[in-house]
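Spelled out, the chains give:
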Amino acid sequence: MKIGILGAGFIGRAMATLAKNRGHEVMVSNSRDPQTLISTAAAIGCALGTAE
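Keep in mind it's a predicted model, so treat the numbers as computed, not measured.

So, how was this worked out
Residues numbered from 1 in each chain as written. Predicted model: local features only at pLDDT ≥ 70, side-chain atom pairs only at ≥ 80, totals over all residues. Heavy atoms only, no water. Helix = DSSP H or I, 4+ residues; strand = E, 2+ residues; numbered from the N terminus. Rg over C-alpha atoms; globule rule 2.2 N^0.38 Å. Buried < 20%, exposed > 50% of the residue type's maximum accessible area, 1.4 Å probe, protein only. Contact = heavy atoms within 4.5 Å. Pairing = 2+ DSSP bridges. Right-handed = clockwise from strand over helix to strand, strands pointing away.

### Details of the overall build of the chain
So, step 1. Counting its regular elements, the chain contains 2 helices and 3 strands.
So, step 2. Ordering the α and β elements of the chain from the N terminus gives β-α-β-α-β.
So, step 3. For the chain, whose C-alpha radius of gyration is 10 Å, the value lies close to the compact-globule estimate of 10 Å for 52 residues.
So, step 4. For the chain, buried positions account for 31% of its 52 residues.
So, step 5. Taking the intrachain contacts of the chain between residues at least 6 apart in sequence as the baseline, contacts between residues at least 24 apart amount to 20%.

### Observations concerning the pairing of strand 2 (residues 25-29)
So, step 1. In the sheet, strand 1 (residues 2-6) pairs with strand 2 via 5 bridges, with the strands oriented parallel. Looking across to strand 2, one finds that leucine 6 is bridged to serine 29.
So, step 2. In terms of strand pairing, strand 2 meets strand 3 (residues 47-48) through 2 bridges, oriented parallel. Within strand 3, the residue paired with methionine 27 across the bridge is alanine 47.
So, step 3. Note on the crossover from strand 2 through helix 2 (residues 38-44) to strand 3: the handedness is right-handed.

### Remarks on the sheet that holds strand 1
So, step 1. Ordered in space as 1-2-3, the 3 strands form an open sheet in which the pairing is parallel. What marks the edges here is a single partner per strand, and that holds for strand 1 and strand 3.

### Thoughts on the environment of lysine 2
So, step 1. As for its placement among the helices and strands, lysine 2 is situated in strand 1.
So, step 2. Residue class for lysine 2 comes out exposed when judged on its relative accessible area of 68%.
So, step 3. Considered as a pair, lysine 2 and methionine 27 are 25 residues apart in the sequence and their alpha carbons are 8.0 Å apart.

Structure representation (structure tokens):
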């Protein structure tokens, strides 16, 4: 399943990690530039995106 998570705070990161660990494709985004999430995406192993 493809899952998009808007918000990369504590809850968003936890949800992304759980989904990724269960084999889902995950993309996280925030209200700022996606480049601010590079370390988060690398740690989780998910893609970066925008709210659009």
